[in-house]
There are 2 protein chains.
Amino acid sequence: MNRTENSPLARKLAAFVALSPDEFAALKQLHQRRRTFVAGRDMVHQGQSDQAAYILESGWVCSYKIMSDGARQIVDFQIPGDFLGLRSVLLQTSDHSIEPITDIQAVEVLVDDLLGAFAQTPRLAAAILWAASRDEAMVVEHLVGVGRRDANARMAHFLLELGARLALVGMGGKEGYACPLTQYHLADALGLSAVHVNRVLRQLREDGLVTFRDGQVTIHDYDRLVTLAEFDPAYLDQTGPILK
Amino acid sequence: MNRTENSPLARKLAAFVALSPDEFAALKQLHQRRRTFVAGRDMVHQGQSDQAAYILESGWVCSYKIMSDGARQIVDFQIPGDFLGLRSVLLQTSDHSIEPITDIQAVEVLVDDLLGAFAQTPRLAAAILWAASRDEAMVVEHLVGVGRRDANARMAHFLLELGARLALVGMGGKEGYACPLTQYHLADALGLSAVHVNRVLRQLREDGLVTFRDGQVTIHDYDRLVTLAEFDPAYLDQTGPILK
């Protein structure tokens, strides 16, 4: 397999569609412009026009919105294989900011690249629409979490979702995963204060469910954590390709 | 113009792409199976497999999730021109339920119909990905609202967003619009109690901003309402086609 076939995005799309050699070639065409971005410096600003989308190859990123009072709502985190700003490349201005949490490598994708790939293979278009649908399903879960889950269930759901996403691209499993997020990231994603995040994590640890410490999430009791979170991973749609 | 060119979906997609006659023909191909659904009976259940997507032609719909304790989070409302369950048709099971709020007319769309349309015209694929991106941007705004806006700003933002969406398909303007939603719908969408919704609406009315009464939203002072909500409609991307 060449590098593209082994890329995190190819691994992820394989959960939806068994890509043919032609479709891999179209996907490879999207991987022309590799770029590096450093941690902590916005790649895209809320309100920016004419921005590109990116396919994240390595590292972690967060997408967020800032309110006029300075409050931040993190919409989601992106891991390898995820699109950055796919939503925004089709909208005329970006509705959110994108900031690398670690140094990252990403491939730049322009609207014309996407149209070109869609023209070559409609199944790749469907696969990218699938990936966008999956991203939206995650935002929906975050809305449900902030709107309707208590803090412990919200945190448990979040950590399980991240684990399932990382597992799909070979970066984690039911035992846990490496995770560069700080308690401030968790707070801004989950709508909690950093102090509250600290308390919730201590509670989950003392209950023997999960420990998040020193950049490592260690899951002690996967089944009980799933029960607490009422985590049903169906929305992540990782059980195998629909399109053969 | 034939019926398809004049359909709410065609009007909406025109904000993104100037569709050619061939692209209208492909869009028309999607409009084969018109169906009617009655108010109050779920069209799609959370967890259901093999469901179709629909293009809403007339009436109002809500998409929601039910928690195990019975609490409901409404993710979004759909109006004419919107897809219903587009996300779910690509995922193997639906992550949410879909319920008509009024009697509706909708066109059924299967995955194969979508792939067929994408094969005929990649620009239509891009337009549908645009519509999905716009839907996601709305869910992001709802997440930000529930996470970071106070109740008055949240309600004001919600009513302005609905107005802008309805204006795009010719069903409203800056003066207001007809709206069949109840205070229970607003409560479940905004993460408020029905009593709180009532109080917020009274406050907005007494402040001379907006009145929602007897199925009609009347906007008294659009500019002050925008200021209160910090409403920036850029994420709705309605200013004209990107693709000529």
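Since the structure is predicted, the reported quantities are computational estimates derived from the model, not experimental observations.

**What to know about the UniProt feature "domain: HTH crp-type" (unreviewed entry) in chain A**
Mapped onto the present numbering, the UniProt feature "domain: HTH crp-type" (unreviewed entry) falls on residues 149-223 of chain A. Secondary structure within residues 149-223 of chain A divides into 55% helix and 15% strand; the distance between the first and last C-alpha atoms comes to 18 Å.

**Here we look at the interface of chain A and chain B**
Each partner contributes residues to the interface: chain A has 54 residues there, and chain B has 53 residues. With both sides pooled, the region where chain A packs onto chain B buries about 4,700 Å², and carbon together with sulfur makes up 69% of that total. Area buried by chain A at its contact with chain B is led by A:Leu90, A:Leu143 and A:Arg148, which between them contribute 16% of it. The tally of links between chain A and chain B comes to 4 salt bridges. Among the salt bridges present, the one from A:Glu141 reaches B:Lys65, with a minimum N-O distance of 2.4 Å. Across the contact surface, chain A and chain B share 6 residue pairs in polar contact (both at pLDDT 80 or more). For the side of chain A that touches chain B, the secondary structure elements donating two or more residues are strand E4 (72-78), helix H3 (86-90), helix H4 (111-120), helix H5 (122-148) and helix H7 (183-190) of chain A. Broken down by element, the side of chain A that touches chain B gets its largest block of residues, 22 residues, from H5(A). Considered class by class, the residues forming the side of chain A that touches chain B number 30 nonpolar, 10 polar and 14 charged.

**As for H5(A)**
The terminal C-alpha atoms of H5(A) lie 38 Å apart, and with 27 residues this matches the ideal 39 Å at 1.5 Å per residue to within 8%. Counted residue by residue, H5(A) has 23 buried out of 27 residues, so it is predominantly covered.

**Side note on the sheet that holds strand E6 (residues 97-100) of chain A**
Residues and elements named next belong to chain A. Spatially, the 3 strands line up as an open sheet ordered E4-E3-E6, and their pairing is antiparallel. Edge strands, defined here as strands with exactly one partner in the open sheet, are E4 and E6. Taking each pair of neighbouring strands and ignoring which way they run, the sheet shows an average axis angle of 30 degrees. Pairing between strand E3 (residues 61-66) and E4: 6 bridges, direction antiparallel. Considered in E4, the bridge of Ile66 is made with Arg72.

**Re the pairing of strand E9 (residues 210-213) of chain A**
Residue and element names in this part refer to chain A. In this sheet, strand E10 (residues 216-219) lies alongside E9 in antiparallel orientation, the contact comprising 4 bridges. Looking at the pairing, Val210 lines up with Ile219 of E10. Hairpin connection from E9 to E10: 2 residues lie between these consecutive antiparallel strands, with Asp214 at a positive phi of about 50 degrees.

**Concerning the relation of the copies chain A and chain B**
Superposing chain A onto chain B takes a rotation of 180 degrees combined with a translation of 0.0 Å along the rotation axis, leaving an RMSD of 0.0 Å. The transformation relating the two chain copies, once decomposed into turn and shift, fits a two-fold axis. When C-alpha positions in chain A are compared against the rotation axis, the closest is assigned to A:Leu143, at 2.4 Å.

Analysis parameters
- Residues numbered from 1 in each chain as written.
- Chains lettered and ligands numbered in written order.
- Predicted model: local features only at pLDDT ≥ 70, side-chain atom pairs only at ≥ 80, totals over all residues.
- Heavy atoms only, no water.
- UniProt positions renumbered as here; feature names shortened; annotations may be inferred.
- Helix = DSSP H or I, 4+ residues; strand = E, 2+ residues; numbered from the N terminus.
- Contact = heavy atoms within 4.5 Å.
- Buried area = accessible area lost by both parts, 1.4 Å probe.
- Salt bridge = Lys/Arg side-chain N within 4 Å of Asp/Glu carboxyl O.
- Polar contact = N/O pair within 3.5 Å; in protein donor to acceptor, adjacent residues only side chain to side chain.
- Nonpolar A, V, L, I, M, F, W, Y, C, P; charged D, E, K, R; others polar.
- Expected span 1.5 Å × (residues − 1).
- Buried < 20%, exposed > 50% of the residue type's maximum accessible area, 1.4 Å probe, protein only.
- Pairing = 2+ DSSP bridges.
- Axes fitted to C-alpha atoms, helices over the stretch in contact; angles between N-to-C directions.
- Least-squares fit on C-alpha atoms with pLDDT ≥ 70 in both.

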